[in-house]
Amino acid sequence: MKLDTSGFETSVPTIGFGSSSDMLDELSSVPSFDLPHTKEFDGFQKKAVDMLKHAKGTTTLAFIFKGGVMVAADSRASMGGYISSQSVKKIIEINPYMLGTMAGGAADCQFWHRNLGIKCRLHELANKRRISVSGASKLLANMLYSYRGMGLSVGTMIAGWDETGPGLYYVDNEGGRLKGDRFSVGSGSPYAYGVLDSGYKYEMSVEEASELARRSIYHATFRDGASGGVASVYHVGPEGWTKLSGDDVGELHYHYYPVPPAIAEQVMEEATTE
Amino acid sequence: MTKQHANWSPYDNNGGTCVAIAGSDYCVIAADTRMSTGYSILSRDYSKIHKLADKAVLSSSGFQADVKALQKVLKSRHLIYQHQHNKQMSCPAMAQLLSNTLYFKRFFPYYAFNVLGGLDEEGKGCVFTYDAVGSYERVGYGAQGSGSTLIMPFLDNQLKSPSPLLLPKQDSNTPLSEAEAVDLVKTVFASATERDIYTGDKLEIMILKADGIKTELMDLRKD
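Residues numbered from 1 in each chain as written. Chains lettered and ligands numbered in written order. Predicted model: local features only at pLDDT ≥ 70, side-chain atom pairs only at ≥ 80, totals over all residues. Heavy atoms only, no water.

If you look chain B up in an unreviewed UniProt entry, it shows as Proteasome subunit beta from Capsella rubella.

The name an unreviewed UniProt entry assigns to chain A is Proteasome subunit beta, from the organism Camelina sativa. What the UniProt record of chain A gives under Catalytic activity (unreviewed entry) is the line "Cleavage of peptide bonds with very broad specificity." (UniProt positions renumbered as here; feature names shortened; annotations may be inferred.)

Printed below as a string of structure tokens:
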């Protein structure tokens, strides 16, 4: 198996299960990946990932508009085909004026967001001023970059309001960091983008924006099996964030598409009141 | 030529199921006492429930050697906390400590599926469920282990509480009385034992209240 080792970092610690550093005599002097000794390399990787990678599959979105930043997410956590929880908090409150969204590995996102919150607080104490959204997202991106290739799974958006106004950054486990106005992350994101992009106008009011965000999450949960639970919507304004709504998506369905009572039921109703 | 190495895994699964239910002023933590490896039973009398603090009890299924190691770490951290703060750790504090301890070994995880039960600062029951690397969530009830997929749907049916994410906020603690919760746990384990080969032998139930902990033992099918 010929693998491209040009980008390989020799400082990556080895975590082998039963693998040793001299797998092949010819390669013992050349840096190489520690590979498991199995006949089925592909299958092994998938099994290893499946055994310990938990809670992925999600829909999160955030966008900037005239009134600030709107952040929304579903609340389902799945382990393979099993729904491990319908009430996961995917919008993490880093501090009173900054939010982070969670997509990918639940433990990775929870831990690194908590860590980011600590770093932001230390920055405030050291510099006597709040950290900017750009700064916070940079801290997180740099941290994740140093763990690149080690299997972390984080796809997060940092949304907040600082001195320059509303800010929104997308940060992922590759160490990528993008500034933007509209993002959706997760397995349900294509569906959310469809609804979000078609309804988006910068001049929306807060009510219109929150309804658009809620609707986008609802549509994503409708079509994506890995998304569901409760659609939470947060608004980040100049005074900080507030939670605007939390609705069960099952009930939202009947709210958007009410079922007219069948004629037979109406007749039954009349009969019982006599 | 590839060297042939023995395929050795540092992990093993000792099976078993753990359940916890939070009430208004109590918490019920239960686990079966069967410890197995593959198709063999290692012990019919192995306790998977461990008291970490007065108000926090941990129940873990998975690889019991990792569970033992995890407990040791938590016990020593708790002792240090008691020396520094002159009080026992509260359940929410222990919950976060457990999460951080699990994440600390993110790249060589503890193969332990945990349910932490106890009483929070207000005296209400609380249950926290975890995955193997430390993501955690406070819930009204939880099940982990080999029988969890059999038990969770039934608990959802009986105890489904409004999600804590809903706005306006609704209380998520179960309206059951302590006796009803214990009865529910016994029913649920009896059913799981029927269909899960790794669950059985005996059921150990711990009921945590403000005035202390009570333990009950019930027989389950041994086949």
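Turning next to the confidence of the model for chain B. Where the model shows low pLDDT, its predicted coordinates should not be examined in detail. Looking at chain B as a whole, the pLDDT averages 92, with 96% of positions reaching at least 70. Interface confidence for the predicted complex, given as ipTM, is 0.87, next to a pTM of 0.81. (pLDDT = per-residue confidence, 0-100.)

The backbone phi angle of K128(A) is positive, close to 55 degrees, even though this residue is not glycine. Of note, the phi angle at N86(B) is positive, near 60 degrees, even though the residue is not glycine. One can find N86(B) in the loop between helix 1 (64-85) and helix 2 (91-104). (Helix = DSSP H or I, 4+ residues; strand = E, 2+ residues; numbered from the N terminus.)

A few words now on the environment of Y169(A). Residue and element names in this part refer to chain A. By the secondary structure assignment, Y169 is in strand 8 (residues 165-172). Here Y169 falls in the buried class, since its relative accessible area comes to 9%. Remark: the alpha-carbon pair of Y169 and S134, spanning 35 residues in sequence, is separated by 7.4 Å. Non-local contacts of Y169, meaning those with residues more than four positions away in its chain, are made with V133, S134, S137, T156, M157, I158, R177, L178, K179 and F183. (Buried < 20%, exposed > 50% of the residue type's maximum accessible area, 1.4 Å probe, protein only. Contact = heavy atoms within 4.5 Å.)

All names here are of chain B. For helix 4 (residues 178-195), with 18 residues, the first-to-last C-alpha span of 27 Å sits near the 26 Å given by 1.5 Å per residue. Of the positions making up helix 4, those classed as buried are E178, A181, V182, L184, V185, V188, F189, A192 and T193. Taken around the axis of helix 4, the buried residues stretch over an arc of 165 degrees, which confines them to a single face. Exposed and oriented more than 90 degrees from the buried face of helix 4 are A179 and R195. Those residues of helix 4 hidden inside the fold are in contact with strand 1 (17-22), strand 2 (26-32), helix 3 (148-159), strand 11 (202-209) and strand 12 (212-219). (Expected span 1.5 Å × (residues − 1). Arc of directions from axis to C-beta.)

Let us now look at the pattern of salt bridges. Pairs can form between side chains of opposite charge whenever their charged atoms are close. Taken as a whole and judged by the stated rule, the model has 21 salt bridges over all chains. Residues K90(A) and D74(A) are paired through a salt bridge, measuring 2.9 Å at the closest nitrogen-oxygen approach. With K90(A) in the loop between strand 4 (82-85) and strand 5 (91-95) and D74(A) in the loop between strand 2 (68-73) and strand 3 (77-79), this residue pair connects regions lying 16 residues apart in the sequence. An identical accessibility class is assigned to K90(A) and D74(A); each is buried. One salt bridge in this structure joins K214(B) and E178(B), with 3.5 Å as the shortest N-O distance. (Salt bridge = Lys/Arg side-chain N within 4 Å of Asp/Glu carboxyl O.)

A few words on the side chain of H78(B). Residues and elements named next belong to chain B. In this fold, H78 is placed in helix 1. One polar contact links the side chain of H78 to the main-chain carbonyl oxygen of L52, over a distance of 3.0 Å. For H78, the contacting residues outside a window of four places in its chain are L52, A53, Q88, M89 and M94. (Polar contact = N/O pair within 3.5 Å; in protein donor to acceptor, adjacent residues only side chain to side chain.)

Here we take up the sheet that holds strand 5 of chain A. Residue and element names in this part refer to chain A. The strand order across the open sheet formed by five strands is 5-6-7-8-9, and the pairing between neighbours is antiparallel. One side of each edge strand has no neighbouring strand; the edge strands of this open sheet are strand 5 and strand 9 (177-179). Taking each pair of neighbouring strands and ignoring which way they run, the sheet shows an average axis angle of 25 degrees. Sheet topology places strand 8 next to strand 9; three bridges connect them, and they run antiparallel. Bridge assignment links V171 to a residue of strand 9, and that residue is R177. Against the sheet, helix 2 (residues 106-127) makes contact with strand 5, strand 6 (98-101) and strand 7 (155-162), and its axis sits at roughly 15 degrees relative to strand 5, the strand it touches most. Against the sheet, helix 3 (residues 133-146) engages strand 6, strand 7, strand 8 and strand 9, with an angle of about 5 degrees to strand 8. (Pairing = 2+ DSSP bridges. Axes fitted to C-alpha atoms, helices over the stretch in contact; angles between N-to-C directions.)

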